[in-house]
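Listed below are the residues making up each chain.
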Amino acid sequence: LILIEKVVLSEGARIGHFNTIRSFDALIMGEYSKIGNNNYMTGIGSRSKKHFTTEPIRIAELRLGTHSSITGRHFIDCCNLVEIGDFSIVAGAGSQILTHAIDIRENRQRSAPVRIGKYCFVGTGSVILRGAQLPDYSVLSANSTLSKAYDATYYIYSGVPAQPTKELDHSSKFFSRTHGYVE
C-alpha cells in the first residue's frame, strides 16, 4: 500500500511485499536501493496544519541512497526527513526511526530530521530518535538507542543512549562495497 504524493524509483530500486507507506510527502529511492517486506512507514505531510505549526520548513520525506536497504518489519516515522546514505543497511527487524516527539516543556509536537550516513549498518531492534545522526562508516549495535547527532566516523555506537564504543578498521570490506547486497 503506497499512499503518498510522490514516489521516485531509480533504476533497479525495489519495494517488497506487504509494506504500508502513507501520509508523508515523498519516497525517493536511489539506484538499486531496496525496501524489504512488512515495513510500516508513515508520517504527517508538510502541508498538514494538524501539528508542527511553529516548526521551520519541514521536509516529510524518506530518501534512500544508492544501494541502500531497509530489510523487514521496521517502523519509520517520516514527519520530517529520514535520509539513509549510499550503501547503508537498516538490518534485522524491529528497528524504529522516529522524527517527532512531544516537547514536554512546551507541550507541543516537535520534529527534526534523522540522518544515517553512507556505508552504515543499523543493527536489529535499534531506535533512532529525532535529530539523531549516525555518521558515515559507522555501526549502530543491535538494541541501541541513537538520540543525538554524532560526527566521528568508523565507530561502533552502542548502548542506551548510544555512544561511540569501539573504533572500526578503516579497511573493513563492508566500507568499500560496490554493490549493496552482502553475501
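Small disclaimer: the values here were computed from a predicted structure and weren't measured.

A. Expanded view of the overall build of the protein chain. Helix and strand counts for the protein chain stand at 0 helices and 23 strands. In terms of overall dimensions, the protein chain is globule-like: its C-alpha atoms have a radius of gyration of 16 Å, near the 16 Å expected for 183 residues. In terms of principal-axis extent, the alpha carbons of the protein chain reach across some 50 × 40 × 25 Å. Taking as baseline every contact in the protein chain between residues at least 6 positions apart, the subset at least 24 positions apart corresponds to 33%. As displayed, the protein chain has an accessible area near 9400 Å², and 51% of this comes from carbon and sulfur atoms. Between the mean site of the 20 positive side-chain charges and the mean site of the 16 negative ones, the protein chain shows a separation of 6 Å.

B. Seen up close, the packing of aromatic side chains. This model, assessed by the stated rule, comprises 10 aromatic pairs. Between the aromatic rings of Phe87 and Tyr119, the centroid separation amounts to 4.8 Å while the plane-to-plane angle is 10°, which identifies the pairing as stacked. Pair noted here: Phe87 is in the loop between strand E11 (82-84) and strand E12 (89-90) and Tyr119 is in the loop between strand E16 (114-116) and strand E17 (121-122), with a separation of 32 residues, a long-range link. Using a relative accessible area of 11% as the deciding quantity, one classes Tyr119 as buried. Ring geometry for Tyr119 against Tyr137: centres 5.5 Å apart, planes inclined by 10°, an arrangement best described as stacked. Taken together, the residues Tyr119 in the loop between E16 and E17 and Tyr137 in the loop between strand E19 (133-134) and strand E20 (139-140) connect sequence positions 18 residues apart. An identical accessibility class is assigned to Tyr119 and Tyr137; each is buried.

C. Highlighting a nonpolar patch on the surface. The grouping of Ile2, Val7 and Leu9 at the surface amounts to a nonpolar patch, some 240 Å² of accessible area in total. Tracing the backbone through its elements, the reader meets Leu9 in strand E2 (residues 6-9).

D. Spotlight on the environment of Ala101. With respect to the helices, strands and loops of the structure, Ala101 is situated in strand E14 (residues 100-103). Linking Ala101 and Leu129, residues 28 residues apart in sequence, is a C-alpha distance of 8.4 Å. In this structure, Ala101 is in contact with Arg108, Gln109, Arg110 and Arg130, ignoring residues within four places of it in sequence.

E. Geometry of the sheet that holds strand E3 (residues 14-15). Pairing in this open sheet of 8 strands is mixed, and the strands run E3-E6-E9-E12-E17-E20-E22-E23 from one edge to the other. The open sheet has two edge strands with one neighbour each: E3 and strand E23 (163-167).

F. Examining the sheet that holds E16 more closely. Spatial strand order, E2-E5-E8-E11-E16-E19: 6 strands in an open sheet with parallel pairing. With partners counted over all chains shown, the strands left at the sheet margins are E2 and E19, one partner each. Here 2 bridges tie E16 to E19, and the two strands are oriented parallel to one another. Opposite Arg115, over in E19, you have Gln133 as the bridge partner.

G. Just the pattern of salt bridges, in detail. In this structure the tally under the stated criterion is 4 salt bridges. Note that Arg63 is salt-bridged to Glu61, the shortest N-O span being 2.8 Å.

Procedures and definitions
Residues numbered from 1 in each chain as written. Predicted model: local features only at pLDDT ≥ 70, side-chain atom pairs only at ≥ 80, totals over all residues. Heavy atoms only, no water. Helix = DSSP H or I, 4+ residues; strand = E, 2+ residues; numbered from the N terminus. Rg over C-alpha atoms; globule rule 2.2 N^0.38 Å. Contact = heavy atoms within 4.5 Å. Areas by Shrake-Rupley, 256 points an atom, 1.4 Å probe, with all protein chains shown as cover. Lys, Arg positive; Asp, Glu negative; His and termini not counted. Charge placed at Lys NZ, Arg CZ, Asp CG, Glu CD. Phe/Tyr/Trp six-rings, centres within 6.5 Å; stacked < 30°, edge-to-face > 60°. Buried < 20%, exposed > 50% of the residue type's maximum accessible area, 1.4 Å probe, protein only. Patch = residues over 30% accessible without salt bridge, like charges linked within 9 Å, V, L, I, M, F, W, Y side chains within 5 Å. Salt bridge = Lys/Arg side-chain N within 4 Å of Asp/Glu carboxyl O. Pairing = 2+ DSSP bridges.

The values reported here are purely geometric and, on their own, carry no functional implication.
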